[in-house]
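Structure assessment
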Amino acid sequence: MPRFSPLTPALLDEIRAAVGGSAVLTTAADLDAASADATTERRRPEAVVRPASAEQVSALLRLANARRFPVTPRGTGTGLAGGALAFHGGVVLDLSAMDELTVEPANLLAVAGPGVLTHTLRSEAEKHGLFYPPDPASLKDSTLGGNAATNAGGPACVKYGVTKNYVLGLTAVLPTGEIVTCGTRTRKGVVGYDLTQLLVGSEGTLGVITTLFLKLIPLPRAVRTQVAVFPSLDKAVAGVAAIMAGGCCPSACEFLDPRCLALVGDLLPFGDLPRDASLLLLETDGSEQAADADMALVSEVCKKSGALHLLPATGPAERETLWNVRRQVSLRIHDAWPVYVPEDVVLPLAEIAGFVAELPRYEKKFGFTVYAFGHAGDGNIHLNITAPDRSTLDRVEAGTIALLKRVLELGGTMSGEHGIGFTKQRFLGLELSPASRCAQTAIKKALDPNGILNPGKLFDEDPA
Amino acid sequence: MSLSRSQTQTLKSLFPGEELLLSPEEAAPFGADASRAFAQPWAVVRPRSLEQARELLAFAHRERIPLFPRGRATNVVGDCVPQGGGIVISTLFLDSLAIDPEDFVAVAGPGVVTADLAAAAEGRGLFYPPDPASVRISTIGGNVATCAGGMRALKYGVTRDFVLGLTAVLPGGQVIRCGGRTHKNVAGLDLARLLVGSEGTLAFITEIILKLLPKPAATASVLAGFASEAQALAAAQAVFRAGMLPAALEFMGAEVLDCLALLGPTPWPRETRAALLLRLDGSAAALAADLDSLAAILRAASATHLEQGLGADQEEPLWEQRRLINPASFRLRPDKLSDDVTVPRGKVAAAVAGIRQAGAAAGLPILVFGHIGDGNLHVNVMYDAAAGESEAAQRAKSDTLDLVLSLGGTMSGEHGIGLVKAAYLPRQIGQEELSLMRRIKDQFDPHHIMNPGKAY
Ligand SMILES: Cc1cc2nc3c(=O)[nH]c(=O)nc-3n(C[C@H](O)[C@H](O)[C@H](O)COP(=O)(O)OP(=O)(O)OC[C@H]3O[C@@H](n4cnc5c(N)ncnc54)[C@H](O)[C@@H]3O)c2cc1C
Ligand SMILES: Cc1cc2nc3c(=O)[nH]c(=O)nc-3n(C[C@H](O)[C@H](O)[C@H](O)COP(=O)(O)OP(=O)(O)OC[C@H]3O[C@@H](n4cnc5c(N)ncnc54)[C@H](O)[C@@H]3O)c2cc1C
């Protein structure tokens, strides 16, 4: 017996009756739009529901639970793990229309619908002299609901923490239709199990987030930016350690390995660089005095650690230019290689350089090319595994597994930002012990007894 | 009820020597905590290894024996009281500690005293920010299980924000390892965060991996007095508006200042009706300038009294009055009901006024002070039980909690629920949410052996 019911015309009518006809979309264009995310996977849902309220979400999930059809939450589909794709068909629940946003300056708080774009919140907060730090590179397109569901991170997280650290509370609809409010609008709270933190990062498998209470902080008045080029990645990483040991936590600390630097070297004024040269992009922030003082310390430490070149940004435009170098890396990799597997592993900080130095061995063995860049301050390395054509996919997969195993051996994790979703689900057993997976599955079953919410993601077997 | 002979035998074989306390006299000190409630434990065990904890939780699960994890019992909500009887698991000997300056992590047994960890980190030029006032007498395990806060929470966050990973034993004996030494991790559900703040009701934590930060090179403090509470609160907002995020921001209301005056001379002039204590941290080069900016902001916000200190020697005297609140409070009445409510930041003034009314209605002094930057207020209802004021005090407490909830707040920002507040829980947590928490509890602990009677 098939686990899920297909959306027959009769069932679609029931859905329309439950959520209101205008929220249900079934044209080919609607279904196509909901069938892709930022991975290469494509899955067409049978219908798209675009709600405006938690009550509609609740009505849909009650029906889904009674009639056993799958529901897959979706923000704007910028996810890199296939989390928003309907692998079992059914309904894609598109939350992008729930985009109400209120900034409460007196409470240093934002109350946001899940469909609000990350960028929108950041700029609204800024108008009030406030700051929402999480800054995934996708911030112009991604939603806060998606950010919370994946616990998104970004360059600012080394100093300010990830999305999780900013979610004070939320309203969510459970797979069985109950609307629950967890956490608080307050900056502290320890009453009850921390359901908020359980839902954050659960990739839409435990509940649908319908409101977020987000913490804001005062906007730092000044930012300083600088690029430093080192003769090797080893030296660059040692530079980062020395900066932090000097008592300064940079507000961004990105690195490019030699291969990435070579790819974008033309955008920088340094001319020919040594073969192993690596780059750091560093920022400090705070009051004018503090940002300057910290950047002075950064420069001094970089010089002592053997930096070949230092290039400070003299103003906002120059800052933008330096960040563009960093952004160009992914684009150029993407354009240059037909096969492109973006992994985002995290290593204990001391293991970064050693691990990157091992990459050539894997490249040789598995016939792929790896570009490594990422967040040096928190050990999050984007490993971009590339190959010239799809005939090598089997070796790419074998090599990816070998790399992930090595990361885990070194005490790392297979995902720091993007999540497990569908694309990494088959690897999860490498990292989590059976006892841990069992506890996770038990929670999933307790909340979603019929396994209708985002099936095929994160969890190994669909709990049924 | 108590342990059967064969159960006692099992404990003896699992926990040799001083790892097991069986006599009522030896066990009794493990029956109370800082809430002053008491219940006699059947036995106290003090494991040294994960293996022992594993066997204990398998055994207790099989035999349906209640277990009560215990750090140093400084919680004020009765979290450690073995109500109904059972085995107390003390983390005293689970006190291994390693600081890794390269990875910026500490790996600690749950029994490590928080201040020891902070000092060990500092010795390596690193920084563990969470600083509950009990930092010298409470453990990391207890801090994690209660999600302890502290003054630095405003800038750095609470204990939760520093837990990168942990190892825990579930009822039945399964060992789960969540997270790890990496500073980010999104692989799977965040079980570590679920265990943080669970007050010993889901699992027994045997190891904790904590994130450390670079140690700020310098600190500075300001004490500011104001003619009214409204002015003090407006000044706090002005600090944020200027883009400053202090490492601590403490508020003392009029009643607190009057109460401190009972102990001796206070640094501020008589007309002062509210005070703020602020701390900044950062690089030495910038701090002196930041301190001047801060003083200027406070002055512009009509502070009538200002003292500043750069570096610990100059700062400590400024913080002395804050530390004296507790001893001074008992000059008012011999007994105290204390709460640590939290309201949305913009509602602090309304909360302070409403709590004052509750005190007036009950005819009792209430002290309000605390981490105002987080909206986290300590509320001390002072009363004299011997003079028959207990009922009035309970009424004032109950009114305060209702007020806080009506302002969109929470009845506990730091201390948790435990026994003491369990009865109030339904006022804050709705039916659906409670049922969800119970479903999770049932998955972890189907026989309800972990810290029964507490919280959920
Ligand atoms: C160019 C590019 C750069 C990126 N850079 C970063 C980066 O720096 N850091 C980073 O962390 N990620 C990054 N990402 C990944 C992605 O942007 C993030 O995962 C983002 O948080 C996803 O948001 P979204 O709205 O697109 O969610 P979607 O992709 O639509 O969904 C992602 C997951 O969240 C679930 N979900 C969405 N909304 C809800 C809701 N309201 N309730 C419950 N579940 C929900 C979905 O079911 C799915 O599992 C990048 C992606 C791209 C394409
Ligand atoms: C003077 C004083 C000042 C205080 N100031 C603050 C403050 O500023 N901020 C604040 O947040 N709190 C404060 N507290 C409360 C208290 O110190 C904290 O709650 C602290 O975290 C408790 O630590 P502990 O080691 O004493 O834990 P205990 O009281 O022994 O235990 C607390 C809870 O944790 C559980 N537990 C302990 N170890 C484990 C383990 N290994 N596995 C599972 N569960 C475990 C226990 O079962 C219990 O439920 C203060 C208390 C006092 C007496």
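Higher on the page you've got the structure.
We now turn to the structure provided with this report. (Residues numbered from 1 in each chain as written. Chains lettered and ligands numbered in written order. Predicted model: local features only at pLDDT ≥ 70, side-chain atom pairs only at ≥ 80, totals over all residues.)

1. Things to note about unusual backbone geometry
Here is the rule we go by: Helix and strand assignments follow DSSP, with helices taken as H or I runs no shorter than four residues and strands as E runs no shorter than two, numbered in order from the N terminus. Three exposure classes are used. Buried residues have 20 or more other C-beta atoms within 10 Å of their own C-beta, exposed residues have 12 or fewer, and partly exposed residues fall in between, all C-beta atoms being placed from the backbone.
A positive phi angle, close to 50°, is found at A:Asn454, a residue other than glycine. Turning to its location among the elements, A:Asn454 is positioned in the segment after α15 (434–447). Classification of A:Asn454 as buried rests on a count of 32 C-beta atoms within 10 Å. A positive phi angle is found at B:Cys147, which is not glycine, with a value near 50°. Mapped onto the secondary structure, B:Cys147 falls in the loop between α5 (140–146) and α6 (153–156).

2. A short note on helix α10 (residues 288–304) of chain A
For clarity, the threshold we go by: A helix is expected to span 1.5 Å multiplied by its residue count minus one. Working definition of a contact: two residues with C-beta atoms, positioned from the backbone, lying within 7 Å.
An ideal rise of 1.5 Å per residue puts 24 Å on 17 residues; α10(A) measures up with 24 Å between its terminal C-alpha atoms. Taken together, the buried positions of α10(A) are occupied by A:Gln289, A:Ala290, A:Ala291, A:Ala293, A:Asp294, A:Met295, A:Leu297, A:Val298, A:Val301 and A:Cys302. For α10(A), the secondary structure elements touched by its buried residues are β12 (222–230), α8 (233–245), β14 (278–286) and β15 (309–312) of chain A together with β14 (274–282) and α10 (284–300) of chain B. Within two residues after α10(A), A:Gly306 carries a phi angle of roughly 95°, on the positive side.

3. Examining the site of ligand 1
Residues and elements named next belong to chain A. Heads up, the rule is: Nearness here has a simple definition: the residue's C-beta atom, placed using the backbone, must lie within 6 Å of the molecule or strand. Each residue receives one of three labels: charged for Asp, Glu, Lys and Arg, nonpolar for Ala, Val, Leu, Ile, Met, Phe, Trp, Tyr, Cys and Pro, and polar for the others, Gly being one of them.
Taken together, 36 residues sit near ligand 1, with Gly-75, Gly-79, Gly-83, Gly-146 and Gly-204 positioned nearest. Elements with a contribution of two residues or more to the shell around ligand 1: β3 (71–74), α5 (144–150) and β10 (208–215). No other element matches α5, which puts five residues into the shell around ligand 1. Broken down by class, the residue content of the shell around ligand 1 amounts to twelve nonpolar, 20 polar and four charged.

4. Looking at the interface of chain A and chain B
On the chain B side, the residues contacting the 80 residues of chain A number 79 residues. At the level of secondary structure, the elements contributing two or more residues to the side of chain A that touches chain B comprise β9 (179–183), α7 (195–199), β11 (217–218), α8, α10, α14 (428–431) and α15 of chain A. Here the side of chain A that touches chain B is composed, by residue class, of 39 nonpolar, 30 polar and eleven charged.

5. Digging into the nonpolar core
Our working definition: As used throughout, a nonpolar core is a set of buried Ala, Val, Leu, Ile, Met, Phe, Trp, Tyr and Cys residues joined through C-beta atoms within 7 Å of each other.
Formed by 290 residues in total, the largest nonpolar core has its most connected members in A:Leu60, A:Leu214, A:Leu280, B:Leu210 and B:Ala275. Looking at which element gives the most residues to this core, the answer is α10(A), with eight residues. Those residues in contact with B:Ala275, other than ones at most four positions away along the chain, are B:Leu223, B:Ala224, B:Gly225, B:Phe226, B:Ala232, B:Met252, B:Leu257 and B:Trp268.

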